[in-house]
Amino acid sequence: MCAEETIPSLVKYHVERHANTHLVACIKTAVSPGAPDLTRALVDAVTSSLERVTATAAAELSEVKIRELVDHHREMLQADLASGRWKQTFRGRDILKRYTRRFMNGLVKYPVFRDLIVSRMREDQYRPSGMRDVIEEILVD
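Remember, predicted model here, so these are calculated numbers, not experimental data.

Reading the values: rules and limits
- Residues numbered from 1 in each chain as written.
- Predicted model: local features only at pLDDT ≥ 70, side-chain atom pairs only at ≥ 80, totals over all residues.
- Heavy atoms only, no water.
- Helix = DSSP H or I, 4+ residues; strand = E, 2+ residues; numbered from the N terminus.
- Rg over C-alpha atoms; globule rule 2.2 N^0.38 Å.
- Patch = residues over 30% accessible without salt bridge, like charges linked within 9 Å, V, L, I, M, F, W, Y side chains within 5 Å.
- Areas by Shrake-Rupley, 256 points an atom, 1.4 Å probe, with all protein chains shown as cover.
- Salt bridge = Lys/Arg side-chain N within 4 Å of Asp/Glu carboxyl O.
- Lys, Arg positive; Asp, Glu negative; His and termini not counted.
- Charge placed at Lys NZ, Arg CZ, Asp CG, Glu CD.
- Phe/Tyr/Trp six-rings, centres within 6.5 Å; stacked < 30°, edge-to-face > 60°.
- Buried < 20%, exposed > 50% of the residue type's maximum accessible area, 1.4 Å probe, protein only.
- pLDDT = per-residue confidence, 0-100.
- Axes fitted to C-alpha atoms, helices over the stretch in contact; angles between N-to-C directions.
- Parallel < 35°, antiparallel > 145°, perpendicular 65-115°, else oblique.
- Left-handed = near helix turned anticlockwise from the far one by under 90°.
- Contact = heavy atoms within 4.5 Å.
- Nonpolar A, V, L, I, M, F, W, Y, C, P; charged D, E, K, R; others polar.

### Considerations on the overall build of the chain
Then, number 1: Within the chain, the secondary structure is distributed over 8 helices and 0 strands.
Then, number 2: In the chain, the succession of α and β elements from N to C terminus is α-α-α-α-α-α-α-α.
Then, number 3: Against the compact-globule benchmark of 14 Å for 141 residues, the chain has a radius of gyration of 22 Å, which places it well outside the compact range.
Then, number 4: Its C-alpha atoms put the chain at 65 × 40 × 30 Å along the principal axes.

### Regarding a negative patch on the surface
Then, number 1: Residues Asp133, Glu136, Glu137 and Asp141 make up a contiguous surface patch of negative charge.
Then, number 2: Looking at the element boundaries, glutamate 137 is found in helix α8 (residues 129-140).

### Some remarks on the packing of aromatic side chains
Then, number 1: Scanning all chains against the criterion turns up 3 aromatic pairs.
Then, number 2: Arranged with centres 6.4 Å apart and planes meeting at 85 degrees, the rings of tryptophan 86 and phenylalanine 90 form a pair that is edge-to-face.
Then, number 3: Judged by its relative accessible area of 7%, phenylalanine 90 is buried.
Then, number 4: Consider the rings of tyrosine 99 and phenylalanine 113, whose centres lie 5.6 Å apart with planes at 20 degrees: the pair is stacked. Here phenylalanine 113 lies in helix α7 (residues 110-123) and tyrosine 99 lies in helix α6 (residues 92-103), a separation of 14 residues in the sequence.

### Thoughts on unusual backbone geometry
Then, number 1: Backbone geometry at glutamine 125 places phi at a positive 55 degrees, although glycine is not the residue there.
Then, number 2: Relative to the helices and strands, glutamine 125 resides in the loop between α7 and α8.

### Describing the confidence of the model for the chain
Then, number 1: Scored by pLDDT, the chain comes out at a mean of 92, with 100% of its residues at no less than 70.
Then, number 2: Confidence, expressed as mean pLDDT per element, reaches its minimum in the chain at α8 with 81 and its maximum at helix α4 (residues 63-83) with 97.

### With respect to the environment of asparagine 20
Then, number 1: Position of asparagine 20 among the secondary structure elements: in helix α2 (residues 7-26).
Then, number 2: Taking C-alpha positions, asparagine 20 is 11 Å from alanine 57, a pair spaced 37 residues apart along the chain.

### Description of the packing of α2 against α4
Then, number 1: Following both chains from N to C, one finds α2 and α4 inclined at 135 degrees, their axes separated by 9 Å at the closest point. The pairing of α2 with α4 is recorded here as oblique in orientation. Where α2 crosses over α4, the handedness of that crossing is right-handed. Taken together, the residues of α4 that come into contact with α2 (itself represented by Ile7, Leu10, Val11, His14, Val15 and His18) are Ile66, Leu69, Val70, His73, Arg74, Leu77, Gln78 and Leu81.
Then, number 2: Across the contact of α2 with α4, the residue classes break down as 9 nonpolar, 4 polar and 1 charged.

Pasting the structure below:
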């Protein structure tokens, strides 16, 4: 139930990320260090970026495309919920926050509940592979 309630915010997250990725990919401001007129080179780069943003917005970020993307993500998340795959694809912290608000009646806040879960996992020596992957990626940075 708590996972299902996060679907709108999860759809929003995915669609915003999609739009941001497309728009950021359009922006290129690098100019040749040997450009005879730095100002003109940068203005040209900015103008090209704006043209790419406009073209991308028309092609990939139109209202129709975004509506299709919203519907697609909503359907995928509903399917994940039905199949049990939601445990891998939904954001755990959002679900736990809803759970603590709904069922803990203010007695236990999300950070405390999260820490209790992690402590119990440590006691039971439970180490999910997904969590290990995230921790290893953090340690590499």
